[in-house]
Amino acid sequence: QDNLVESGGGLVQPVGSLRLSCAASGFTFNNYNMGWYRQAPGKERELVATVTSIGGRTNYADSVKGRFTISRDNARNLVDLQMNSLKAEDTAVYYCNAVLRRGKPVDTWEYWGRGTQVTVSS
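Fair warning: this is a prediction, and the values are worked out from it, not measured in the lab. (Residues numbered from 1 in each chain as written. Predicted model: local features only at pLDDT ≥ 70, side-chain atom pairs only at ≥ 80, totals over all residues. Heavy atoms only, no water.)

Caption draft 1: Looking closely at the nonpolar core. Formed by 31 residues in total, the largest nonpolar core has its most connected members in Met 34, Trp 36, Val 79, Leu 81, Met 83 and Tyr 94. Elements with a contribution of two residues or more to this core: strand E3 (18-24), strand E4 (33-39), strand E5 (46-51), strand E7 (68-73), strand E8 (78-83), strand E9 (92-102) and strand E11 (116-120). Looking at which element gives the most residues to this core, the answer is E9, with 5 residues. (Core = buried A, V, L, I, M, F, W, Y, C linked by side-chain atoms within 4.5 Å. Buried < 20%, exposed > 50% of the residue type's maximum accessible area, 1.4 Å probe, protein only. Helix = DSSP H or I, 4+ residues; strand = E, 2+ residues; numbered from the N terminus.)

Okay, structure coming up:
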């Protein structure tokens with residue numbers, strides 16, 4: 001069973017837009033901080049954006065601030081990433097992440113999706 005399933009990737013021209021969606025199942029979604037990461041060929045996986053379980057606070061990589069927006073729907077167990085003004089350097093596989101850290105010492109529960117390819121090219 002895949003706990004996180006991404007969708008919405010594809011090929012888009014520069015300055016275009018895409019919306020990624022991640023459907024969660026098999027865990028208590030409301031308790032988890034959610035995030036999107038990406039990995040370009042030959043590079044390490046990097047954080048794109050996160051949204052907290054409580055308060056819905058968001059955090060973005062500097063490279064996507066002002067262009068990308070992360071949002072979560074706790075009623076539908078979904079987390080989306082709206083990507084605008086896309087650039088060639090946004091080309092990567094995008095992964096959905098769910099993480100919960102609790103207790104002392106801290107226990108961590110974490111899930112990853114399989115990823116969805118985003119290609120920005122003319």
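Caption draft 2: View of the packing of aromatic side chains. Per the counting criterion, the structure on display carries 4 aromatic pairs. The interplanar angle of 15 degrees and the centroid separation of 4.6 Å between the aromatic rings of Phe 27 and Tyr 111 together place this pair among those described as stacked. Remark: Tyr 111 occurs in strand E10 (residues 107-112) and Phe 27 occurs in the loop between E3 and E4; sequence separation between them is 84 residues. Ring plane angle 65 degrees and centroid distance 5.0 Å describe the contact between Tyr 37 and Trp 112, whose orientation is recorded as edge-to-face. Residue Tyr 37 is found in strand E4, and its partner Trp 112 is found in strand E10; the two are separated by 75 residues along the sequence. Look at Trp 112 and you get partly exposed, because its relative accessible area is 35%. Among the aromatic residues, those joined into a cluster by ring pairs are Phe 27, Tyr 32 and Tyr 111. It is Arg 45 that lies over the ring of Tyr 95; its NZ or CZ is 3.8 Å from the centre. Cation over ring: Arg 72 sits above Phe 29, and NZ or CZ is 4.5 Å from the ring centre. (Phe/Tyr/Trp six-rings, centres within 6.5 Å; stacked < 30°, edge-to-face > 60°. Lys NZ or Arg CZ within 6 Å of the ring centre and 35° of its normal.)

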